[in-house]
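# A structural walkthrough
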Amino acid sequence: MRAQEICDFVLAESRGEGATDTVVAVSETDEVMIRFSNNEITVTKDLRETMVSVFVMVNERRAGTEIVDISKRGLKTATRRAVMEAKNSPSGGIYAPLPEGPFPYSSELLDQGEVDLSPDSIISHVEEAISAGLEEGARRMAGSLVAKNLRLTLQTSGQVFGVAHKPSIELSIRALED
């Protein structure tokens with residue numbers, strides 16, 4: 001299922017179970033990790049992960065959950081459980097419904113581009129880091145590089161919807177002189 005389909009499905013399920021308000025956030029991450037030691041790449045790993053966060057309210061009662069089984073069955077079971085937990089949770093005392101959307105969002109905030117996760121691009125970053133350390137007098141270089149592209153889709157029962165893209169690159173490096 002695509003992210004918006006997941007949101008629509010969870011919103012419909014929670015509404016059907018009696019939730020008065022629901023927030024669904026689908027986080028899709030593509031990640032590449034490279035570790036290196038003794039001036040050479042030793043490990044590479046690619047990861048693609050989708051996680052769903054759900055927050056439900058049944059009047060002034062609240063519950064939240066994280067879902068990693070994004071099959072329809074897994075989404076349905078976890079959503080039902082969250083609504084049941086909200087119904088059985090202590091009252092928060094005050095009920096303030098979610099604000100009604102839609103709202104305008106700045107495209108500059110929502111779309112921050114993407115990192116090139118191709119092997120050639122990521123490996124070239126690591127090779128440049130190793131070369132720079134050796135040029136500065138290190139004998140051995142070690143560390144890791146993690147590059148990610150995160151896509152976050154948010155939808156609420158209050159007709160709020162948004163999709164944000166956030167790239168990141170983290171480089172951890174040690175220069176050894178021995």
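Rules used in this analysis
Residues numbered from 1 in each chain as written. Predicted model: local features only at pLDDT ≥ 70, side-chain atom pairs only at ≥ 80, totals over all residues. Heavy atoms only, no water. Pairing = 2+ DSSP bridges. Helix = DSSP H or I, 4+ residues; strand = E, 2+ residues; numbered from the N terminus. Axes fitted to C-alpha atoms, helices over the stretch in contact; angles between N-to-C directions. Contact = heavy atoms within 4.5 Å. Buried < 20%, exposed > 50% of the residue type's maximum accessible area, 1.4 Å probe, protein only. Core = buried A, V, L, I, M, F, W, Y, C linked by side-chain atoms within 4.5 Å.

### Examining the sheet that holds strand β2 (residues 40-58)
On the basis of which strands lie adjacent, the open sheet formed by 5 strands has the order β3-β2-β1-β4-β5 and antiparallel pairing. Only two strands of the sheet have a single partner each, and these edge strands are β3 (61-67) and β5 (161-176). Each strand axis lies, on average, 15 degrees off the axis of its neighbour in the sheet, ignoring direction. Across the sheet, helix α1 (residues 3-16) lies against β1 (21-37), β2, β4 (140-156) and β5, angled at about 140 degrees from β1, the strand it touches most. Strand contacts of helix α2 (residues 72-88): β2 and β3, with the helix running at about 155 degrees to β3, the strand carrying the most contacts.

### Notes on unusual backbone geometry
With an omega of 0 degrees, the peptide bond between G101 and P102 qualifies as cis. The backbone of N59 shows a phi angle near 55 degrees, a positive value even though the residue is not glycine. Among the structural elements, N59 can be located in the loop between β2 and β3. Relative accessible area serves as the criterion here: at 38%, N59 is assigned to the partly exposed category. Its identity as a non-glycine residue notwithstanding, Q159 has a phi of 65 degrees, on the positive side.

### Some words on the pairing of β2
Of the strand pairs in this sheet, β1 and β2 are connected by 17 bridges, and their pairing is antiparallel. Each residue of the ladder has a partner; that of V32, found in β2, is D46. Hairpin remark: β1 followed by β2, antiparallel, with 2 residues in the connecting loop; positive phi at N38, about 50 degrees. Counting the residues between successive antiparallel strands, the hairpin from β2 to β3 contains 2 residues, one of them, N59, with a positive phi of roughly 55 degrees.

### Topic: the nonpolar core
Core analysis: the largest hydrophobic core is formed by 20 residues, its most contacted members being V24, V26, V52, V56 and L75. Residue assignment for this core shows that the elements contributing at least two residues are α1, β1, β2, β3 and α2. Sort the elements by how many residues they give to this core and α1 lands first, with 6 residues. The contact partners of L75, leaving out residues within four places of it in the chain, are M1, I6, F9, V10, V52, I67, D69 and I70.

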